[in-house]
There are 2 protein chains.
Amino acid sequence: MAASTLTEVARLAGVSPATASRVLNGSARKPGKDIAERVRQAADSLGYIPNAQAQGLAKSSSGLIGLIVHDIADPYFAAIARGVQEAAREQRRMVLLATTGGAPGEEKEAVAAFAARRADSIVIAGSRSSRAEDREDNAELAAELDRYCRNGGQVAVVGHPVVGAAAPEGYHVVAVPNQELAADLAVELAARWDGDFVIIAGPEGLFTSDDRVRGFQEGLTRAGRGPAEVLRSSFNRDGGYQAGLQLAARITAGGPDGGGLGIFAVNDVMAIGAAAALRAEGLRIPRDARIAGFDDIETLRDFRPALSTVSLPLEDIGRLATRATAPRHADDDGQPAPPVTGRVTLRRSTEAAAG
Amino acid sequence: MAASTLTEVARLAGVSPATASRVLNGSARKPGKDIAERVRQAADSLGYIPNAQAQGLAKSSSGLIGLIVHDIADPYFAAIARGVQEAAREQRRMVLLATTGGAPGEEKEAVAAFAARRADSIVIAGSRSSRAEDREDNAELAAELDRYCRNGGQVAVVGHPVVGAAAPEGYHVVAVPNQELAADLAVELAARWDGDFVIIAGPEGLFTSDDRVRGFQEGLTRAGRGPAEVLRSSFNRDGGYQAGLQLAARITAGGPDGGGLGIFAVNDVMAIGAAAALRAEGLRIPRDARIAGFDDIETLRDFRPALSTVSLPLEDIGRLATRATAPRHADDDGQPAPPVTGRVTLRRSTEAAAG
DNA sequence: GCTGGCTGGGAAAGCGCATTCCCACTGCTT
DNA sequence: AAGCAGTGGGAATGCGCTTTCCCAGCCAGC
């Protein structure tokens, strides 16, 4: 990766490297018009591209922003990533991507790698976990983040703070009202369906999932209903499918849920999986089961029957998180970022039917 | 972003920076056991994290791989990105993300930015364009890539080579048999439907789109059918929707296509959009129109009626492209990457019906 | 016992750039 | 006309690391 250097440009232009640096890469001091022109021409003819690594080393800042997601192909993360990417562009920075599958151990590695690259800030999307087996890794992740922040790094976490992380300077949390919104959803659904509800959740300990479950139960209570049964499964389409198969068997068997079922899957992808399972078993939605998800994933909006869900401004969330880590500047009124708001979106999949 | 440095570690361990470097960051020379241990302890107690920028500067290589996509939230690109990410992890490198919306001008910027960061390699996903208005930008992109390669960079392009790019050392193309597969699809569809076909394509000049259109027509010819009409629209869900509305009107009106229509959208996302439009107009698939897409996007597989399409190993494509840019090493038999293969996948959306 | 080849550690020279400090020169003021 | 601040350019230093080169000490071999 050799390329022409500032020194070469300077030599060609007949000036010192210092001067060349001043004209080519923004500096407070502006050299004379004619000299500037000469330098620029020299740079042009050599195809000079500043070495960002060297610049970063000299200025000790890299213009990099690290993004940590579970899986970039998951539409939830992809949407957030789009927001991050956009905000990064606004700030003329580049995004460095790390995927971890959600394991805190991997996340720690990613943070370390970002720190090594001297990323100016880190955005962590994806649910934190409080599972016992993740205890140690979580502690290490927290320590790593703490060190990163102490060294001047900026961190933004989407959803929940990292377990055990102190809140040092530079540590921001973009709160997502998962619980409140899930409660709202439950209330709306309860108003339209008076049969039983079942929740298809992710593994216990996943904050996002837990919050939504808790919120939904709370909403049921508020609506004067008993708590719903919780089915745990993996936090993806296949998890939803598995749970869906179980429920289908139950519905088909008649039994206590013979009259149908209200299903709440803690995210859209799981909801789609569950719906696919029901359909595969010959059941129809919303006739045999009403189903709702969470997130309002764009790619899934054309799904039929249209999925009731909670709309979350995922792109904005990514953008907000990224902006939270941006260096504050003068015209910045220093106001905290606007809170994330979502909205219950009822569609066909939970429509009243032959209840 | 200050952190402890190698020098500090060395001082603490009572050795020279050279020695510390040798033990901490892989070198051919392995210092003595006891010394190594001492250095490692010192590093540990200081929480030393090597400065990748400085390393990169010294070694002139960054361990970075640049990925250029149109839109990271598009499931097509997200899937490729996942493959790239995985391969990058294998090679212990990190991926830098740039999104361009498909504009060659932006792509040129991205390449320059990657070059500035001294990315070891660049993967360009997303269709190249040959539109007249992109002529100039394409030339600049080609020039930028050429320079990048001459400086030792590795480039892999998915699909088509960049227009006008020479094929210097380090320039790889992961060919995707769009045309052949589209032809195969046409043949299969023609065997099952003897009415008219219409193609919903992206804007003229987009290679991916053009190839698929050409292939489909070729397949029709091979099946003894006349060419299909081509409807151009934007290369995304909304483009498909718009085109779908037009076709719906036509089908509803009866007219020449009164008996239904065979629709081929050049990608799944457009196909889904078109299907949504047809449904919105009260038409049913496959009864009133058979519809097929291309790509076999994972998130869309639960869509109903299940979409006939061409399955492409998107993740593999990303992986292959990334591997193509990896430095060759000894145990590498130097064989070119295996070609990308796809497969026609017929599902409900084109099933024989009241044709 | 002396030399030649190794081994393992340190000194030092960059990698490409930003930036501080310094200096020559200009154009004022008094 | 002498002194001054102010301007604009260059020399030099350092960012944190790798790597070459050098040198001291060691062993084997004659």
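Residues numbered from 1 in each chain as written. Chains lettered and ligands numbered in written order. Predicted model: local features only at pLDDT ≥ 70, side-chain atom pairs only at ≥ 80, totals over all residues. Heavy atoms only, no water.

I'd like a description of the protein's contact with DNA strand D, backed by residues and values.
In the vicinity of DNA strand D, 25 residues are found, and the nearest of them are T19(A), R29(A), L6(B), S21(B) and Y48(B). Of all atoms in DNA strand D that approach within 4 Å of the protein, 60% are sugar or phosphate atoms. The separation between a phosphate oxygen of DNA strand D and a polar side-chain atom of T19(A) is 2.4 Å. Here a phosphate oxygen of DNA strand D sits 2.3 Å away from a polar atom, N or O, in the main chain of L6(B). (Near = heavy atom within 4 Å. Polar contact = N/O pair within 3.5 Å; in protein donor to acceptor, adjacent residues only side chain to side chain.)

Outline the interface of chain B and chain A, listing residues and values.
Contact residues are listed per partner, giving 58 residues for chain B and 57 residues for chain A. Taking both partners together, chain B and chain A bury about 5,200 Å²; carbon and sulfur atoms supply 56% of that area. The partner of R89(A) in a salt bridge is E106(B), and the shortest N-O contact between them spans 3.0 Å. Secondary structure elements with two or more residues in the side of chain B that touches chain A: helix 4 (52-59), helix 5 (75-90), strand 2 (94-99), helix 6 (104-116), helix 7 (135-150) and helix 11 (268-280) of chain B. (Contact = heavy atoms within 4.5 Å. Buried area = accessible area lost by both parts, 1.4 Å probe. Salt bridge = Lys/Arg side-chain N within 4 Å of Asp/Glu carboxyl O. Helix = DSSP H or I, 4+ residues; strand = E, 2+ residues; numbered from the N terminus.)

Please set out the protein's contact with DNA strand C residue by residue, giving values where relevant.
Within the structure, DNA strand C sits among 25 residues, and L6(A), S21(A), Y48(A), T19(B) and R29(B) are positioned closest to it. In DNA strand C, the atoms that sit within 4 Å of the protein are 60% sugar and phosphate, with bases accounting for the remainder. R22(A) is positioned with one of its side-chain polar atoms (N or O) 3.4 Å from a base oxygen of DNA strand C. Listing elements by their share of the surface near DNA strand C, those giving two or more residues are helix 2 (17-24) and helix 4 (52-59) of chain A together with helix 2 (17-24) and helix 4 of chain B. Sorting elements by how many residues they give to the surface near DNA strand C places helix 4 of chain A first, with four residues. Across the surface near DNA strand C, the residue classes break down as 12 nonpolar, eight polar and five charged. (Nonpolar A, V, L, I, M, F, W, Y, C, P; charged D, E, K, R; others polar.)

Could you give me a rundown of the UniProt feature "domain: HTH cro/C1-type" (unreviewed entry) in chain A, with the residues and numbers involved?
In this structure's numbering, the residues bearing the UniProt feature "domain: HTH cro/C1-type" (unreviewed entry) are residues 5-49 of chain A. Measuring from the first to the last C-alpha atom of residues 5-49 of chain A gives 8 Å, for a span that is 67% helix and 0% strand. (UniProt positions renumbered as here; feature names shortened; annotations may be inferred.)

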